[in-house]
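Spelled out, the chains give:
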Amino acid sequence: MDLTLLNYPIFLGVLIALYALLTLGLNIQWGFAGLFNAGVAGFFAVGAYTSALLTAPPDPERILGLELPVAVGWLAATVMAALIAWPIGKVTLRFRADYLAIATIGIAEIIRLILRSEEALSGGVRGITQIPRPFGDLPYEAAQLAYLLLSWSLVGIIYWALERQVRAPWGRMMRAIRDNEAAAAAMGKDVEARRLEAFILGAAIMGLAGALYVHFMRAITPEAIDPMMVTFLVWIMLILGGSGNNRGALLGTALIWLIWSASELLTDRLPAEYATQAKYVRLFAVGLLLQIVLRWRPAGLLPERLYSIGQKG
Amino acid sequence: MKPRKRSLLLALAVAGFFTATPYARAQEARVALLSGITGPIAGMAPAMIASMKLALDQANAAGGLSYGKLLYQEFDDGCNPQIATDAMTKAVNVFKATAAVGPGCSGALLAAANSVSIPAGLLLISSSATSPKITTLDDKNLVYRTVPSDDYQGKVLARALLARGFKKVAVAYINNDYGKGLADAFKAEFEAKGGTITQFRGHEDKKPSYRADLAELAKGGADTLVLFDYANSSGLTILKQAIENNFFKNYVGADGMRDENLIKTLGADNLKTFLVSAPVGEAGEAYNRFAEAARKAGIDPNATFAATSYDAAFLVALALEAAKGDKSKLPQALRAVATAPGEPILPGEWDKAKKLLAAGKEIDYKGASGDLEFDAAGDVPGSFALFGVAGNTFKELQKMN
Amino acid sequence: MILDFINHYLIPGLISGAIYALGAIGITLIFAILRFAHFAHGDLATLGAYLVLAGVTATALSPWALLPFALFATALTAILLDHLFYRHLESRPKILTVMASLGVALMIRAIVHIIWGVDPQLYQTGVIPPSTYGGLLLRPREIATLLTALSLVVLLLLFLHHTRWGKAMRAMADNAELARICGIDIRAITRLTWAIAGALAAAAGFFLAINTELHPLMGWSALLAMFAAAILGGVGRVEGAIVGGLILGIIEELSVLILPSQYKMATAFLILILILLLRPQGIFRGKIL
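Parameters at a glance
- Residues numbered from 1 in each chain as written.
- Chains lettered and ligands numbered in written order.
- Predicted model: local features only at pLDDT ≥ 70, side-chain atom pairs only at ≥ 80, totals over all residues.
- Heavy atoms only, no water.
- Patch = residues over 30% accessible without salt bridge, like charges linked within 9 Å, V, L, I, M, F, W, Y side chains within 5 Å.
- Areas by Shrake-Rupley, 256 points an atom, 1.4 Å probe, with all protein chains shown as cover.
- Salt bridge = Lys/Arg side-chain N within 4 Å of Asp/Glu carboxyl O.
- Helix = DSSP H or I, 4+ residues; strand = E, 2+ residues; numbered from the N terminus.
- Buried < 20%, exposed > 50% of the residue type's maximum accessible area, 1.4 Å probe, protein only.
- Phe/Tyr/Trp six-rings, centres within 6.5 Å; stacked < 30°, edge-to-face > 60°.
- Lys NZ or Arg CZ within 6 Å of the ring centre and 35° of its normal.
- 1 Å grid on protein atoms, 1.4 Å probe; cavity = no way out; pocket = protein on both sides within 12 Å on 5 of 7 lines; lining within 4 Å.
- Points joined across faces, edges and corners; volume = space filled by probe spheres on them.
- Nonpolar A, V, L, I, M, F, W, Y, C, P; charged D, E, K, R; others polar.
- Contact = heavy atoms within 4.5 Å.
- Buried area = accessible area lost by both parts, 1.4 Å probe.
- Polar contact = N/O pair within 3.5 Å; in protein donor to acceptor, adjacent residues only side chain to side chain.
- Pairing = 2+ DSSP bridges.
- Axes fitted to C-alpha atoms, helices over the stretch in contact; angles between N-to-C directions.
- Core = buried A, V, L, I, M, F, W, Y, C linked by side-chain atoms within 4.5 Å.
- Right-handed = clockwise from strand over helix to strand, strands pointing away.

Chemist: Looking at this model, I keep getting lost on a nonpolar patch on the surface. Mind explaining?
Modeler: Residue and element names in this part refer to chain A. Together, Ile63, Leu64, Leu66, Leu68, Val72, Ile114 and Leu121 make up an exposed nonpolar region whose accessible area comes to about 500 Å². One can find Leu66 in the loop between α2 (40-55) and α3 (70-92). Owing to a relative accessible area of 43%, Leu66 belongs among the partly exposed residues under this scheme.

Chemist: Would you mind going over the packing of aromatic side chains with me for this structure?
Modeler: Where two aromatic rings form a pair, the distance of their centres and the angle of their planes describe that pair. Here the structure, examined in full by the defined rule, presents 34 aromatic pairs over all chains. Ring geometry for Phe75(B) versus Phe95(B): centroids 5.8 Å apart, planes at 65 degrees, classification edge-to-face. Placement of Phe75(B) in strand β2 (residues 69-76) and of Phe95(B) in the loop between α3 (81-93) and β3 (99-101) is noted, with a sequence separation of 20 residues between them. Neither Phe75(B) nor Phe95(B) differs from the other in exposure class; each is buried. Each residue in the set Tyr99(A), Phe232(A), Phe31(C), Phe39(C), Trp220(C) and Phe227(C) is aromatic and connected to the rest through ring pairs, giving one cluster. Cation over ring: Arg282(A) sits above Trp260(A), and NZ or CZ is 4.5 Å from the ring centre. Arg258(B) extends its terminal NZ or CZ atom over the ring of Phe387(B), reaching a point 4.6 Å from the ring centre.

Chemist: How should I be thinking about the pattern of salt bridges in this particular structure?
Modeler: Where charged atoms from two side chains of opposite charge approach closely, those side chains can pair. All names here are of chain C. This model, assessed by the stated rule, comprises 42 salt bridges over all chains. For Glu90, the salt bridge identified is with Arg187, shortest N-O distance 2.9 Å. With Glu90 in the loop between α3 (63-86) and α4 (94-116) and Arg187 in helix α8 (residues 186-211), this residue pair connects regions lying 97 residues apart in the sequence.

Chemist: Looking at this structure, I do not really get the layout of surface pockets. What am I missing?
Modeler: Over the atoms rolls a probe the size of a water molecule, and its path tells where empty space is left. By volume, the largest pocket is sized at about 710 Å³. As for the largest pocket, its lining consists of 35 residues, and the residues nearest its centre are Ala42(B), Gly43(B), Pro46(B), Ala47(B) and Asp119(C). Among the secondary structure elements, those contributing two or more residues to the lining of the largest pocket are α12 (272-296) of chain A, α2 (45-61) and α9 (260-266) of chain B together with α4 of chain C. If one sorts the elements of the lining of the largest pocket by residue count, α2(B) sits on top with six residues. In the lining of the largest pocket, the residues fall into 18 nonpolar, eleven polar and six charged. Lining of the second largest pocket is provided by 18 residues; of these, Gly136(A), Asp137(A), Arg218(A), Asp138(B) and Lys140(B) occupy positions nearest its centre. Elements with a minimum of two residues in the lining of the second largest pocket: α6 (140-167) of chain A together with α4 (106-117) of chain B.

Chemist: Sorry, what's going on with the interface of chain A and chain B here?
Modeler: Accessible area lost when the parts come together is the quantity often used to give the size of an interface. Opposite the 44 residues of chain A that make contact, chain B presents 44 residues. When chain A packs against chain B, close to 4,100 Å² is buried across both sides, 57% of that on carbon and sulfur atoms. Contact with chain B buries area across many residues of chain A, yet Leu5(A), Arg126(A) and Tyr140(A) alone supply 18% of it, more than any other trio. The interface formed by chain A and chain B contains three salt bridges. Asp59(A) is paired through a salt bridge with Lys133(B); the nearest N and O atoms lie 3.3 Å apart. At the surface where chain A touches chain B, the tally comes to twelve residue pairs in polar contact (both at pLDDT 80 or more). Among the elements of the structure, α1 (7-32), α4 (97-117), α6, α9 (191-217), α10 (228-241), α11 (246-267) and α12 of chain A are those that each provide at least two residues to the side of chain A that touches chain B. In terms of residue class, the side of chain A that touches chain B is built from 21 nonpolar, nine polar and 14 charged.

Chemist: Teacher, can you tell me more about empty space enclosed by the protein here?
Modeler: The tally for this structure, following the rule as stated, stands at seven cavities of 30 Å³ or more. Approximately 110 Å³ is the volume found for the second largest cavity. If you trace the second largest cavity, you find 14 residues lining it, with Pro208(B), Ser209(B), Gln241(B), Ile15(C) and Asn211(C) closest to the centre. In terms of residue count, the dominant contributor to the lining of the second largest cavity is helix α1 (residues 2-33) of chain C (four residues). Residue classes in the lining of the second largest cavity are distributed as four nonpolar, five polar and five charged.

Chemist: Even after reading the chapter, I still don't get the sheet that holds strand β9 (residues 250-253) of chain B, so can you show me in this structure?
Modeler: Adjacent strands of a sheet form backbone hydrogen bonds with each other and so pair up, either parallel or antiparallel. Residue and element names in this part refer to chain B. One open sheet holds the seven strands; their spatial order is β7-β6-β8-β9-β10-β13-β14, and the pairing between them is mixed. The outermost strands of the open sheet, each flanked by one partner alone, are β7 (196-203) and β14 (393-400). Here the strands of the sheet are splayed against their neighbours by 25 degrees on average, with no regard to which way each runs.

Chemist: I'm lost on the interface of chain A and chain C in this one. Help?
Modeler: Chain A puts 38 residues into the contact, and the matching count from chain C is 45 residues. For the chain A and chain C pair, buried surface summed over both sides reaches about 3,800 Å², with 79% attributable to carbon and sulfur atoms. When residues of chain A are sorted by the area they lose upon contact with chain C, Tyr99(A), Ile102(A) and Gln291(A) head the list and together hold 19% of the total. The interface formed by chain A and chain C contains zero salt bridges. Linking chain A with chain C are three residue pairs in polar contact (both at pLDDT 80 or more), by the criterion used here. Elements represented by at least two residues in the side of chain A that touches chain C include exactly α4, α10 and α12 of chain A. With 13 residues, the single largest contributor to the side of chain A that touches chain C is α4(A).

Chemist: Explanation requested: the sheet that holds strand β1 (residues 28-35) of chain B in the structure shown.
Modeler: Residues and elements named next belong to chain B. Ordered in space as β2-β1-β3-β4-β5, the five strands form an open sheet in which the pairing is parallel. The open sheet has two edge strands, β2 and β5 (143-145), and neither has a second partner. The mean inter-strand angle of the sheet, taken between neighbouring strand axes irrespective of direction, is 25 degrees. Bridge count for β3 against strand β4 (residues 123-126) is three bridges, and the pairing is parallel.

Chemist: Even after reading the chapter, I still don't get the nonpolar core, so can you show me in this structure?
Modeler: Here is a general trend for soluble globular proteins: nonpolar side chains tend to be buried in one another's company. Counting residues in hydrophobic clusters, the biggest one holds 221 residues, and the most contacted among them are Ile220(A), Trp257(A) and Tyr123(C). If we ignore the near neighbours within four places in the chain, the residues touching Tyr123(C) are Ala49(C), Val52(C), Leu53(C), Val56(C), Pro63(C), Phe206(C), Ala209(C), Ile210(C) and Leu214(C). With 113 residues, the next largest nonpolar core counts Ala219(A), Leu33(B), Ala97(B) and Ala338(B) among its residues.

Chemist: What should I look at first to understand the pairing of strand β10 (residues 274-279) of chain B in this one?
Modeler: A regular strand places its side chains so that they alternate between the two faces of the sheet. Residues and elements named next belong to chain B. Counting buried positions over the six residues of β10 gives six, a clear majority of the element. Covered by surrounding structure in β10 are Phe274, Val276 and Ala278 together with Leu275, Ser277 and Pro279, the residues of both alternating faces. With α9 bridging β9 and its parallel neighbour β10, the resulting β-α-β unit is right-handed. As paired strands, β10 and strand β13 (residues 384-390) are joined by five bridges and run antiparallel to one another. Across the sheet, the residue bridging to Leu275 is Gly388, located in β13.

In structure tokens, the structure reads:
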């Protein structure tokens, strides 16, 4: 079998890893802490641009361009997303459910408009290019494979750390706050602070996803932070897979991205007039799939497990 | 059906899918056509794709490549980096493209080229990505475009307007790489050559009203609005609201505004003082040949980026013929067939080109959208003309340089 | 100077505002009575606008004559959507209904794309210069937009305050459980809410289309402004949604005086966040969910 055929699955794997980080981050916020963050794209963007600005070569038209090592960029992306999330969380977490969603969408849109318009900061609509890629100097196939391994090790580490965290007392407490805030508060838990922790932790992981993204693409323009492709797609992945369950989050991610990407392999073989329509049929199918899951498996394909009873930790 | 039987069938289907995936043989060449079929430029994509196909179909109808047929498949880049990278990966690894036309948008191109096509050694020609950032891309000689960088068009339009006596204008642009790129280049040249820009404002698309924006733009007392936008987006809304409310006397647009649909929608009588710049072929003969073929195929030859798309695809075909199927020789071959010296080849002259190449002669393609002499960065200077509205179509008023 | 201000900032602001308001009324009613943020509302508006276009293409009648048909059809669509996708999630966490509405938004958008394509379209071509009324520049369609929006709102308010059904709707908004115990038919009220919200969404889409052009994403792009208007006015408050919509429309137009136009959209979000911080119950003391 021709080995280059593996390149496409490898590419799919990298994209799934990228979205997996986003869904894992969102799962902390929504699945474990019950925070309806609809501004995923905002934190993704902060991470992406932070890492890009630190590692790309300088450009007279904008700030920074420090050519720092990629690892520094990734770390900074995570920290920066957390730093941005802190004041946002401080201000918005007092809103309940839907209000929080609308407020965070608004903030993410403001971040997007700033990145589009402030050339000196972000390169404006032209974005930032020439971003280095780890193992980018290897031949194409090897570079892709190396990035796949790198991104999945990141996902693995984060997954492991999160699983540990949700089994720990912290995780139990988060779920207690989510399920019965008054009772948790009555037991002396600092509800506000724990919520903020979850929000910041989730945002930091989303920032890391952004960094993973820019170094894979080696370029970033504001179109990459389209709320449809980032925020809403990630939500669909999480709800479909099963919120409150990290494995569900991973499953939902893989499933939706496969449907999104691989369905085209089939529809692209249709005659042209149908091929164009098929793109929208796919959009319809994603919407319909969501309805079907919500109807028959409203808790997602892998529902939340009961961690606390009879488990160690 | 028993589970085991079902999974066996599934495995067979998957295996069948991969083995059914055709391999690139030396008897054919595969061209991936990437365009923003969905997303913000979806309105322009059908004409672009149809023009690309027209070029390849013409070549196939005239006997195809000397070593086989030109196969093509269209891919949706969504005008979005994630979707474009995905599409390009499929184009390279599943479709096994030998060369690509597209992607359509600069952001999509930068991501897809950087992360997929350049590392994979795939040649691509875009017909609509206009960002100056593409000029500076470290592309290992693999990225070309038939559409001039915004820098060129903005500058020639500024000079042409000054020569026609427009000394004081207001500028509005859609805030994306197309609008912003043109507006910046226009502003620099217009002001350097002694013109005055009273207002310089960007805007986002899809807002219900631009009247306050227009009132702001009118404030400096300019009677001319230069609008860098698309005729199937906020450009239409703004132009309509400006004309309805009499904000300016004259309106000027760039190629994104040259759309016959605009005349149909707003009425030719209301567009008497509307000028647009757009790329044109040197002699006009090349364009006429393309226009005739396009009309026959049901394509509006004046549709935005139709001519550049046709040229991009035709050039890819010529380069594939000249390189004799050797992927590594494609960049060299592309430059050879596109640039002087050589026997001039006009759109559709596939047979003639093929014979000349077979005889070991040099050829020089003269495209529908211009001469297409690539510079070192793979850009074309382009030749532009200024158009006015006459009847239900655009009429060339003067060449610009 | 003052006339310029009215003509070029206030009047267009009022018209955008009226469009936002019509969408916001539906959002605020759904928010208050069914208790979730309806993300498909913008796309419902798009559907309404395109239904009129379908009528115009088929019959060559004036779009105004086809408006009632579109209002009715979209109202039915809204009831159907509830029946198919939202109703069975009633007893589940509200987030699932929100997600379902996001799925519905994608489905409607896909259908609009498939049937009508991506190019912007217009009901009627040509340019209509405004008439002058003592210095005020207004077009017939603008006057009609404002008057129709106003009469729809007055009708709705009369209905809510003076009919049995209207009072039942308000009771359910205040306390659904109590309303049920008092013998109000919750299903019927839910259907009624969807019918009203759907019809008003179609009206918003229609006015948006007649003042600009039709586009498959036209409603989605206005959705956040509609949410902002609903929250600004106070959730559950019809009069609040109207005032919120108008304020938002006018502020968006005025924002270009001080901000670059790219940030026009950002003003809606800024106002939204400010109101959530400073006065989450909104101008008209709506509910806080």
